[in-house]
Amino acid sequence: MAFALALVSAHAAAADATQDKPKATTQDKSSATNLGTVEVKGTSRQAILPTAATIDGPFGPGRSMLDTPRSVTPISADLMRATGVNNLRDIMKLAPDTYSPTDFGAPSLPDIRGQLGEVFEDGMRQQGGNNGFGLPLSFNAVDSINVVKGPPPVVLGTTQRVGGFVDLQLKRPDLDTSGGFVELGSGSWNRNWGQLDYSTPITPGKSALRLSVEDHNEGSYYDYAHHHSQDVFLAYRLKPDAVSELNASVEYYHVNFTDIAGINRPTQNLIDHGLYVTGQGVQPDGSTVPGAFAVISPTGEVRIPRHRVLTDPADRDSVRTWIAHLRYERSLSDETRYISRTYYQHLERNEVANDSFVEIIKGADTAEHRSELVLDRDADLFGHTTHQQTDLGIDVRWNHVLGYSQFDTEADLPVDLTGPISNRRIPLTSAQQAQLVLLRPGLYVSPGAQYPRNGQAAGYLLSDTTDSNSYQSGVFVQHEIRFTPQWSVMAGVRGDEYYVTAKDPIPPPGQLAAHDGAHHFLKAANGSVTWKPVDAIALYAAGSYSQSTSNSIGGGTPLGAGNRIDPASFATDSTLYEIGLKLAPPQGRWYADVSLFDQTRSLRNRDGSNSGIHTKGLDAQWFYQARHLFASAGISYLDARYDHSASFQDSVQVLDAFDNSRPDIVAGTGVGAPNFAAFPPSTRRVQGLPTVTASALVGYNFDNGLGGTLSGNYTNAFPLDYLATVWIRAQYTLDASVYFRWKTTGTEVRLAMNNLTNQKNWAPVFDGGYFGSTDVFPELPFNLMFSVRQSF
């Protein structure tokens, strides 16, 4: 699809170029990947083509798309605005093979090639919550996004999640001119927001400040849900001379939001017809409080409103985080460059839900420093002159987490959503309270280790409670040799000393807090070969090997079986093999690429264990930009399977929740649910992932300031649960926007129309398929967002 479009666009671009060939001016770059406005014959047009980007950092400084030996999708500020990229899940509108679950309505990590990826900000890895269940991200500080497939290369270091990563490029002040904008927006269901962004020089040409402030005060389509957040970003830029530059920034983000688990009891009738089986579950002891092995005697089947989801008006969830960056670069000579990056983040979270779920992070602190020396020179090799670039450096990282959790007693399937709110609430019994620890009056959490109680060796319910420290120090070298203008080879190696301590921060009364420490040397390597037969074509073959860690709440490490740190939390092998073709005609109007990949990695399960996953597939993307018209398209194929590994699910199948008293409604098994299913090692398909995804975008700008976009996404049918008893059918979404810009006043009005055809689409609620037989998320119906922006 993408390459068929590329061939068509080649003819269109050639014809268009004879009429109006763009003449770009050199501008002061506002970020490491400058995807800002390009001047064209006195007017401006949106920056769409990936070839406008400079991929800076992961594979060495200042690399073009053709010289980057990996599948990458740069998303400029213009593309983010044109397609409504407002959170990490929205990147699937543009980047192929990035379909993701909803992560309970608050995605904190991307999904890339069917697996969790990492979030980097200006080349430094952020905290990612608890295995994807974390906090909403604000893009207030973000200028552009690079979506990179596959594990981070050795420069960025060993990570837990290796499907790929997004690198958020921070806004930077303009050294020469003052300017900014203020924008206000309002949409369906009282979703209101505003943003102020202003940059001004302090000493023109040498120093500048930029302030960006964002506020969201949003209601929700979903019952009892909201999103209230404030983000403040302040950046300072100093260029004291022609060979050095310093960038410093600090960001504060505070959000109160709702954790949305979707609609429970996902039968095929619910997916296909919106019909919900009623009746409250009954535990084996006769209690109607939701609990393990509860059985439902169906009382009927009704059409449930899609906004009626597993939320509670009394639930509370809030997050605060502070992030600081310091980046210094200096050219030591024509051939040598020094780059220093320092990052610090502090995070706090407080979630207490009435379904007995608790996650409290009293403090998660991360600090990292990376220093690089980049040598860029011509050198003699076997009598031939070659161009070589070496990136060598050191990296140190520290993480401390003090957190408490409790998720052992929650149970979604027994809840009848059509009944009163009390149906959803799970007050703890005295027996359950005795297996937990009192954190504060009325609030119980799991201890951070196992202890004997009443003659039983394992007397307590465990979750992710921990007080842990990790210390990581590594050295790396990445070297590229360009033998000729056509051939180049890159290889990198890295080693990290990784040391972790963990202790129980809240042992039961009378017990001595358990603790443990562990150490491992982590290894990583990546390599590639690139061939450019002509300037417009690059073919590459790349490979990667890394040993990943497995972390939990706030990036911390809990104690496992025997009150020891689980060895499986260290040195989990991940591999990638990728080949690709990239097409980018010089000064052309289009870009296209395709890649084939084979990758292995691990999935952290709810109980802390790890399952191997093997994925293989294809990604392809195409971008086009003329004077008025711009477009993009992407398609992917993914085959994700368990790599002879076990799988876990909340229940074996949704039918286990029902008895067979009403076979005319549902043929239940009567087993009861949740029943905490463990499936034996297999090579079955990973549930909750489509095999085929596609996206497309087309936009047009008139000379008078009027413009519009139309975009769409498609996924083929895929199983929601492990046994494939319930399927989400093939589905699509169409979005559109119209806007008008008054060039003389700098005013823009925009109307975004999402889900134009009001499709009743569904999505999994969490990564890894654990809740595939328990919950499913109803996507938003048709909705509007209107905004006004005034630039100055």
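For the structure, check the block above.
A few points on the structure. (Residues numbered from 1 in each chain as written. Predicted model: local features only at pLDDT ≥ 70, side-chain atom pairs only at ≥ 80, totals over all residues. Heavy atoms only, no water.)

**What to know about the sheet that holds strand β10 (residues 142–149)**
One open sheet holds the five strands; their spatial order is β5-β10-β11-β8-β9, and the pairing between them is mixed. The sheet terminates laterally at β5 (72–75) and β9 (124–125), the two strands that pair on one side only. Bridge analysis of strand β8 (residues 118–121) against strand β11 (residues 164–170) gives four bridges, and the strand direction is parallel. By the bridge assignment, Glu121 is partnered in β11 with Leu168. (Pairing = 2+ DSSP bridges. Helix = DSSP H or I, 4+ residues; strand = E, 2+ residues; numbered from the N terminus.)

**Description of the nonpolar core**
Grouped together as the largest cluster of nonpolar side chains are 40 residues, with contacts concentrated most on Ile75, Phe139, Ile145, Val147 and Val166. Of all the secondary-structure elements, those providing two or more residues to this core are β5, α2 (77–83), β8, β10 and β11. Residue contributions to this core peak at four residues, all from β10. Ignoring anything within four residues of it in the chain, the contact list for Phe139 reads Met80, Val85, Asn86, Asn87, Leu88, Ile145 and Leu168. Of all hydrophobic cores here, the second largest spans 38 residues; its members include Val309, Ile665, Val666 and Ala673. (Core = buried A, V, L, I, M, F, W, Y, C linked by side-chain atoms within 4.5 Å. Buried < 20%, exposed > 50% of the residue type's maximum accessible area, 1.4 Å probe, protein only. Contact = heavy atoms within 4.5 Å.)

**Quick word on a nonpolar patch on the surface**
A cluster of nonpolar side chains, Leu629, Val698, Tyr700, Phe702, Leu706, Leu710, Leu756, Phe782 and Leu784, forms an exposed patch at the surface whose accessible area comes to about 700 Å². With respect to the secondary-structure elements, Leu629 resides in strand β33 (residues 629–642). Judged by its relative accessible area of 31%, Leu629 falls in the partly exposed class. (Patch = residues over 30% accessible without salt bridge, like charges linked within 9 Å, V, L, I, M, F, W, Y side chains within 5 Å. Areas by Shrake-Rupley, 256 points an atom, 1.4 Å probe, with all protein chains shown as cover. Salt bridge = Lys/Arg side-chain N within 4 Å of Asp/Glu carboxyl O.)

**Some details on unusual backbone geometry**
A cis amide bond links Ala673 to the next residue, Pro674, at an omega of 5 degrees. In this structure, Asp122 takes a positive phi of about 55 degrees despite not being glycine. Accessibility expressed as a relative area gives 10% for Asp122, which makes it buried. For Asn755, which is not glycine, the phi dihedral falls at a positive 55 degrees. Within the element layout of this structure, Asn755 appears in the loop between β41 (747–754) and β42 (762–763). For Asn755, a relative accessible area of 4% gives the class buried.

**Some words on the sheet that holds strand β43 (residues 775–778)**
One open sheet accounts for three strands, arranged β17-β43-β42; its pairing is antiparallel. Single-partner strands in this sheet number two, and they are β17 (263–264) and β42. In this structure, β17 lies alongside β43, joined through two bridges in antiparallel fashion. What sits directly across from Asn264, in β43, is Asp775.

**Section: the pairing of strand β40 (residues 731–742)**
Pairing of strand β37 (residues 706–715) with β40 involves 10 bridges; the strand directions are antiparallel. What sits directly across from Thr709, in β40, is Ser737. Relative to β41, β40 runs antiparallel, the two sharing seven bridges. In the sheet register, Ala736 faces β41, and the bridge partner there is Met753. Connecting β40 to the next strand, β41, in antiparallel fashion are four residues, including Gly746 with a positive phi near 75 degrees.

Treat this as a map of the structure, not an account of what it does.
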